[in-house]
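# Residue-level structure breakdown
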Amino acid sequence: QGRKVVLYIRDVMGSLPKYHVVDCRTLRGMRNAGKYKRYVVTRRTDGEFLLNFADNLSRDNPETYRLDICKNCLWKELNLRYVYTPDAFPLADWFNAIDPGYAPPPTDALYGPKITPITRPISNYPPDWNLRSLQCRKNAEWKCEVCSIDLRLAPKFLHAHHLRGTGYNQPKDLQALCIGCHAEQPSHYMKHLPDYLEFMELHGDTWKQLTSN
Ligand SMILES: [Zn+2]
Ligand SMILES: [Zn+2]
Ligand SMILES: [Zn+2]
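Note that the structure is predicted; figures quoted are calculated from it, not measured.

## Digging into unusual backbone geometry
Within the chain, Trp142 stands out as a residue other than glycine whose phi angle is a positive 60°. With respect to the element layout, Trp142 can be found in the loop between α4 (129-139) and β6 (158-162). Look at Trp142 and you get buried, because its relative accessible area is 18%. Of note in this structure, Ser148 is not a glycine but carries a positive phi near 75°.

Given below as structure tokens:
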């Protein structure tokens, strides 16, 4: 019988991850694929999770998001398919309940709880990423390099996009993109982000006009 833990992937590309509470099929699959190290362990049980979005400036000021529980955990392992929907699993109650049959997912190789979701180093990014990102956006005079929208008064909506992937961080590998254009890049799932929605509300008309030609 182990102590209860919650696992999730903290560094994401835009689509919200699920959290896991038992060693479900998804976790076993990630272990087999050699991707298990992407998970962090948390003991926070209020349903809010700290996330970092790749390419997103808010990674300097991590934000919390409400996440759903993994369906493999909820349906197959906990057998609670018809009891709770994934967005309404009572995490704190489950966490505090004594559960003699509980076997936690293996956490030895994972970050946390000593290295917390806050202190874990960001994967893939050079330590001076913030400076490189700033330089890229400065060089572009705080304008999007695709649609030219001027964001010097709203710099958080201007991102430094990796043209060749996150392993390449030279000035020529980075492009300043407004969050609107950034979200249109392949496998950048950003359209549900609070920043994206705010950008569309404040600048959506301008952006649509600029990108319609
Ligand atoms: Zn799961
Ligand atoms: Zn743009
Ligand atoms: Zn990007």
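On we go from here.
## Considering the pairing of strand β7 (residues 174-178)
Burial within β7 is extensive, with five of its five residues counted as buried. Along β7, one buried face is formed by Leu174, Ala176 and Cys178 and the opposite face, lined by Gln175 and Leu177, is buried too. With five bridges joining them, β6 and β7 adopt antiparallel strand pairing. Among the inter-strand pairings, His161 is bridged to a residue of β7, identified as Gln175.

## Some details on the confidence of the model for the protein chain
Parts of the model with low pLDDT should not have their predicted coordinates read in detail. Put simply, the protein chain has an average pLDDT of 85, and 87% of its residues get 70 or more. pLDDT under 50 marks residues 57-61. Its contacts with residues more than four places away, or in other chains, come to 14 contacts.

## Things to note about a positive patch on the surface
A cluster of basic side chains, namely Lys18, Arg25, Lys71, Lys76 and Arg81, defines a positive patch on the protein surface. Looking at where Arg25 falls in the secondary structure, it is placed in helix α1 (residues 25-32).

## Here we look at the coordination of the zinc ion (ligand 2)
The coordination sphere of the zinc ion (ligand 2), as far as protein atoms go, consists of Cys144 (SG), Cys147 (SG), Cys178 (SG) and Cys181 (SG), spread over 2.3 Å. Geometry at the zinc ion (ligand 2) is tetrahedral, judged from the four donor atoms that bind it and their angles of 103 to 118° at the metal. When the donor residues of the zinc ion (ligand 2) are listed from N- to C-terminus, their spacing reads C-x2-C-x30-C-x2-C. Of this pair, Cys144 sits in the loop between α4 and β6 while Cys178 sits in strand β7, and the two are 34 residues apart along the sequence. The pair Cys144 / Cys178 is uniform in exposure class, with both members buried.

## Quick look at the packing of aromatic side chains
Going through the model one piece at a time under the given rule, you end up with eight aromatic pairs. Pairing Tyr8 with Phe49 gives two aromatic rings, centres 4.9 Å apart and planes at 70°, and the pair type is edge-to-face. Here Tyr8 is found in strand β1 (residues 6-9), whereas its partner Phe49 is found in strand β4 (residues 48-53), with 41 residues between them in sequence. Classification of Tyr8 by relative accessible area gives buried; the value is 1%. Judged by centre distance (5.4 Å) and plane angle (80°), the rings of Trp94 and Tyr102 are edge-to-face. Residues Trp94 and Tyr102 agree in their burial class; the two are buried. Above the plane of the ring of Trp75 lies Arg81, whose end atom (NZ or CZ) is 3.8 Å from the centre.

## So, helix α6 (residues 194-211)
With 18 residues, α6 ought to run about 26 Å at 1.5 Å a step, yet its terminal C-alpha atoms sit only 21 Å apart, falling short of that. Its maximal kink placed at His203, α6 deviates by approximately 80°. Contact partners of the buried residues in α6: β7 and α5 (179-182).

## Focus on the pattern of salt bridges
Per the counting criterion, the structure on display carries 13 salt bridges. The salt bridge partner of Arg28 is Glu77, with a shortest N-O separation of 3.8 Å. Here Arg28, found in helix α1, pairs with Glu77, found in helix α2 (residues 71-77); they are 49 residues apart in sequence, far enough to count as distant. Because the salt bridges share partners, they merge into one network encompassing Lys156, Asp195 and Glu198.

Calculation criteria
- Residues numbered from 1 in each chain as written.
- Chains lettered and ligands numbered in written order.
- Predicted model: local features only at pLDDT ≥ 70, side-chain atom pairs only at ≥ 80, totals over all residues.
- Heavy atoms only, no water.
- Helix = DSSP H or I, 4+ residues; strand = E, 2+ residues; numbered from the N terminus.
- Buried < 20%, exposed > 50% of the residue type's maximum accessible area, 1.4 Å probe, protein only.
- Pairing = 2+ DSSP bridges.
- pLDDT = per-residue confidence, 0-100.
- Contact = heavy atoms within 4.5 Å.
- Patch = residues over 30% accessible without salt bridge, like charges linked within 9 Å, V, L, I, M, F, W, Y side chains within 5 Å.
- Areas by Shrake-Rupley, 256 points an atom, 1.4 Å probe, with all protein chains shown as cover.
- Salt bridge = Lys/Arg side-chain N within 4 Å of Asp/Glu carboxyl O.
- Lys, Arg positive; Asp, Glu negative; His and termini not counted.
- Charge placed at Lys NZ, Arg CZ, Asp CG, Glu CD.
- Donors = N, O, S within 2.8 Å, 3.2 Å for Na, K, Ca; no water.
- Tetrahedral: all angles 85-135°; square planar, octahedral: opposite > 155°, others 65-115°.
- Phe/Tyr/Trp six-rings, centres within 6.5 Å; stacked < 30°, edge-to-face > 60°.
- Lys NZ or Arg CZ within 6 Å of the ring centre and 35° of its normal.
- Expected span 1.5 Å × (residues − 1).
- Bend = angle between axes of the 7 residues up to and from the residue.

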